[in-house]
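Observations on the three-dimensional arrangement
What follows is the residue order along each chain.
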Amino acid sequence: MPNINIDGSSIEFKQGQTIIEAARDSGITIPHFCWHPKLSVSGNCRICLVEVEKMPKLVIACSTLASEGMVVYTKSEKVIAAQNAVMEFLLINHPLDCPICDEAGECKLQDYAYKYSVGESRFVEEKVHKDKRVALGPRVMFDGERCISCSRCIRFCDEIAKDPELTFVKRGDRVTIVTYPGEEMDNPYSMNTIDICPVGALTSRDFRFKARVWDMSSTNSICNGCSRGCNTEIWVRNNKILRLTPRHNEAVNSYWMCDHGRLDTFKNVNAEDRINSPQLRKDGQLLEASWDEAIEEAASKLKSFNKDQVAVIGSPVATNEDNYLVSKFARTVLQTGNLDFIRHTNPDFADDILRTEDVTPNSTGAELAGVQPSKSGLDIQGILKAIKEKKIKAIYLIEDDIVESFPEFENAIAALDLFIVHSSNQNKSTALADVIFPAATYAEKNGTFVNVEGIVQRIRPAVSVAEQDRALDGMSMSRLDKFGTKYDRWASGKKINALPTWKILTSLAKAMGGKLKFSMAENVFEELSNTVEAFKGLDYDVIGELGSKLKTEIKNNIKVS
Ligand code: SF4
Ligand code: SF4
C-alpha cells in the first residue's frame, strides 16, 4: 500500500482516499465540521486546513487526495493560525448560548472553541440575529443563530434519506436553512440531522430541555422497532429513558436509525400502564399478588391440564434467552409441542434504507431458539383454531398481545380455562388473563436478538427494576462495565417490579418439579449456544459491542401478519 507522512509518522493509505480519511484510519484526528464519512464532500467549513510540502497554500484535508510520498503537517504554525482564524470567523455571529443549548457537552463547536481557537473574541459589533425557534418538521427544531452553514443536514436529506427537503437561502452572514416551499422535514430519518449537526442548531422537539447530557447515563443497546436491530445508546436520568441515539455499526445501521425507532420504541418503558406486580384473577377481578403466590397459583393450575390441552406462545420481542427457556419449558415441563409465536409484519414500514417488513427485533432468534411446533404440535393458526373448538383450554402467552393480533378470537380466548400472560404493559390480552407476570422490557435486562441478516447482538439493562440484583442478572459491576453498561446504579426514580421472562420461567419450572436452573442470562445463552447449531461458538464476549454473525444462513421466512 502507498504511504504518506503525517506529522512525522509514515502511514499507509488506500488509493483514492483523501488526507482526512487516511489520517482517520490511522487514528489521527484532523478537525472537521462539514465533512462526514457517509456524506459527499462540501469543503465549506475550512477547519480541516493542513500544510502539504511543495504545495504553495494550505489545502483542505477533506477533499485533497492522499498521494505516495506526500508530507502533511496538521499542527504547524500556519495550520494553527488558520484554525484560529476559522474558529474566530465561525464564532463572530454565534450566540454563545451554551448554558441553555441542548448540544452543550456534545458540541463540536464548543469542543473546538477550547482546542483550536485563541479563547477570546475581538468582535464588539452587534451580532446578526436570526430566527431561534423554527419547526422544520414535526420532530426537528432549528435555531438559525447557532447554524454554521456546514450543509450536513441538507446533504443528509438529499443523499441518505433520499428526500431533498432543505436548502440554503440568502447569502453571507444572512444565510440560513429553510425547507422548500410547501415542504416540511418529515422524512422517516429526519432526526439523524440532529446527531450530525455539529452545533446545537438542530434539536429534537421530543428531547429539548429535558436534561443536560452530563446528567444522563448511556448504555449500549439495540432498537426493538424492527428486525434491522439498529445499534443504539439508551440515555437515562433518574431511572427514566429520555432519548435514544444511534451507535455506529457499519455492518448493521452505519451511523443512522429511523425516527420511529428513536421515538416510539422506549415510551412503554416509562409508561403509566406498566404492570408493576404479579396479578391473579379472583372472583372475576385481577388483584395484585406476590411473586410466590402467583408462581404457586400458575404451577398448580397448569398441572391440572393434560399436554394436548395446553399451548405456549413465545415472542419475537423477547430475547433468545427468553425464547430458549420458553421452548424448554413447553417441551420439558408442560410437555407440549403446541408452540409457536405471532409474526408481526408491515410491508408499508419497510424501505431501502434500514426499515424492514418484520416489525419485531427477534423473530429469527425466537424460531432458532426453538419456539416452533413439534411434528405433531400446533402452529399459531392451529392453536387459534383449537382454542375456538375448545380443544386447547390453557394458553401460556409470552410478551405479546394475541387479542390485538387476532380480535376475531377474543371471545374464544376469554372463554379459556386458563390464560397466563407475561407482559410489561397492560394490553387487550392482559385484560383477559387469569395470571399476569410483569415482564422486564428490553431496556431492563441482559440478552440477545438476531437481526434480519443473522447478526446476534447484545442488549443490556439501562434502567433498573425493583430489585437491582434482578436487573443485573447476577452480573458483577465490573463485568457490566466491560459490556458497556454505564448503569444508573443509584437511580432514585421509580422502579418497576418486573423480571425477565427467562427468570420467571425458571421459578415456575422449579415450582412444577422441572429442572431449569439458571441464575444469569449469560448462562442461558451458554446452554443455547451449546445446544443450537446456529449459535455454536458464540458467547457474550465473542458477540461484543458490534454483534457476531450466525454460522447458519438465515432465511427471513415470515409467515403470518
Ligand atoms: S443546521 Fe446544523 S447541520 Fe445544518 S447547516 Fe446548520 S450547522 Fe450544519
Ligand atoms: S430501522 Fe428498525 S431497528 Fe432501526 S431504528 Fe428504525 S425501527 Fe429501529
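Residues numbered from 1 in each chain as written. Chains lettered and ligands numbered in written order. Predicted model: local features only at pLDDT ≥ 70, side-chain atom pairs only at ≥ 80, totals over all residues. Heavy atoms only, no water.

**Let's talk about the site of ligand 2**
- Taken together, the neighbourhood of ligand 2 is formed by 13 residues, with Cys223, Cys226, Gly229, Cys230 and Cys258 sitting nearest.
- Its residues assigned to classes, the shell around ligand 2 shows seven nonpolar, four polar and two charged. (Near = heavy atom within 4 Å. Nonpolar A, V, L, I, M, F, W, Y, C, P; charged D, E, K, R; others polar.)

**Structural notes on the packing of aromatic side chains**
- As enumerated under the stated definition, the model contains nine aromatic pairs in all.
- Every member of this aromatic cluster is reached through a ring pair, and the members are Phe33, Tyr112 and Tyr116.
- Between the NZ or CZ atom of Arg243 and the centre of the ring of Phe207, over which it lies, the distance is 4.9 Å.
- One cation-aromatic arrangement involves Arg343 over Phe341; the distance from NZ or CZ to the ring centre is 3.9 Å. (Phe/Tyr/Trp six-rings, centres within 6.5 Å; stacked < 30°, edge-to-face > 60°. Lys NZ or Arg CZ within 6 Å of the ring centre and 35° of its normal.)

**Focus on the sheet that holds strand β10 (residues 202-204)**
- What the three strands build is an open sheet, ordered β6-β7-β10; its pairing is antiparallel. Looking at strand neighbours, the two that pair on one side only are β6 (134-135) and β10, the edges of this open sheet.
- Pairing between strand β7 (residues 140-142) and β10: three bridges, direction antiparallel. Each bridged residue has a counterpart across the sheet, and for Val140 the counterpart in β10 is Ser204. (Pairing = 2+ DSSP bridges. Helix = DSSP H or I, 4+ residues; strand = E, 2+ residues; numbered from the N terminus.)

**A look at the confidence of the model for the chain**
- Taken as a whole, the chain shows an average pLDDT of 93; of its residues, 93% reach a score of 70 or greater.
- Every residue in residues 480-491 is under pLDDT 50, and counting partners more than four places away or in other chains gives 41 contacts. (pLDDT = per-residue confidence, 0-100. Contact = heavy atoms within 4.5 Å.)

**Focus: the site of ligand 1**
- Around ligand 1, a shell composed of 13 residues is seen, among which Cys147, Cys150, Ser151, Cys153 and Cys197 lie nearest.
- Across the shell around ligand 1, the residue classes tally to 10 nonpolar, two polar and one charged.

**Re the packing of helix α9 (residues 320-333) against helix α16 (residues 501-511)**
- For the pair α9 and α16, interaxial distance at closest approach is 8 Å and the crossing angle is 25 degrees. Classed by the angle they form, the pair α9 and α16 counts as roughly parallel. For α9 against α16, the interelement crossing comes out left-handed. Residues Glu321, Asp322, Leu325, Val326, Phe329 and Val333 of α9 touch α16, and the partners they reach there are Thr501, Trp502, Leu505, Thr506, Leu508 and Ala509.
- Grouping the amino acids of the contact of α9 with α16 by side-chain chemistry returns eight nonpolar, two polar and two charged. (Axes fitted to C-alpha atoms, helices over the stretch in contact; angles between N-to-C directions. Parallel < 35°, antiparallel > 145°, perpendicular 65-115°, else oblique. Left-handed = near helix turned anticlockwise from the far one by under 90°.)

**Quick word on unusual backbone geometry**
- Positive phi, close to 50 degrees, is recorded for Asp7, a residue that is not glycine.
- Take Asp7: it is sitting in the loop between β1 (3-6) and β2 (9-12).
- For Asp7, a relative accessible area of 30% gives the class partly exposed.
- In the Ramachandran plot, Ser254 falls in the positive-phi region, its phi being about 55 degrees despite a non-glycine side chain. (Buried < 20%, exposed > 50% of the residue type's maximum accessible area, 1.4 Å probe, protein only.)

**Description of the sheet that holds strand β17 (residues 339-341)**
- Spatial strand order, β15-β14-β20-β19-β18-β16-β17: seven strands in an open sheet with mixed pairing. A single partner strand is all that each edge strand has here, and the edge strands are β15 (285-288) and β17. On average, adjacent strands in this sheet sit at an angle of 20 degrees to one another, irrespective of strand direction.

**So, the nonpolar core**
- In this structure, Leu302, Phe329, Tyr396, Phe437, Leu508 and Phe535 are the most contacted members of the largest nonpolar core, which totals 52 residues.
- Excluding residues that lie within four positions of it along the chain, Phe437 makes contacts with Trp291, Ala294, Ile295, Ala298, Tyr396, Ile420, Val421, His422, Ser423 and Ile504.
- The next biggest cluster of nonpolar side chains, apart from the first, holds 31 residues, and it includes Cys107, Ile148, Met191 and Ala201. (Core = buried A, V, L, I, M, F, W, Y, C linked by side-chain atoms within 4.5 Å.)

**Observations concerning the pairing of β1**
- Only one face of β1 is covered, namely the face carrying Ile4 and Ile6; the face carrying Asn3 and Asn5 is uncovered.
- In this sheet, β2 lies alongside β1 in antiparallel orientation, the contact comprising four bridges. Looking across to β2, one finds that Asn5 is bridged to Ser10.
- What sits between the antiparallel neighbours β1 and β2 is a turn of two residues, in which Asp7 has the positive phi angle 50 degrees.

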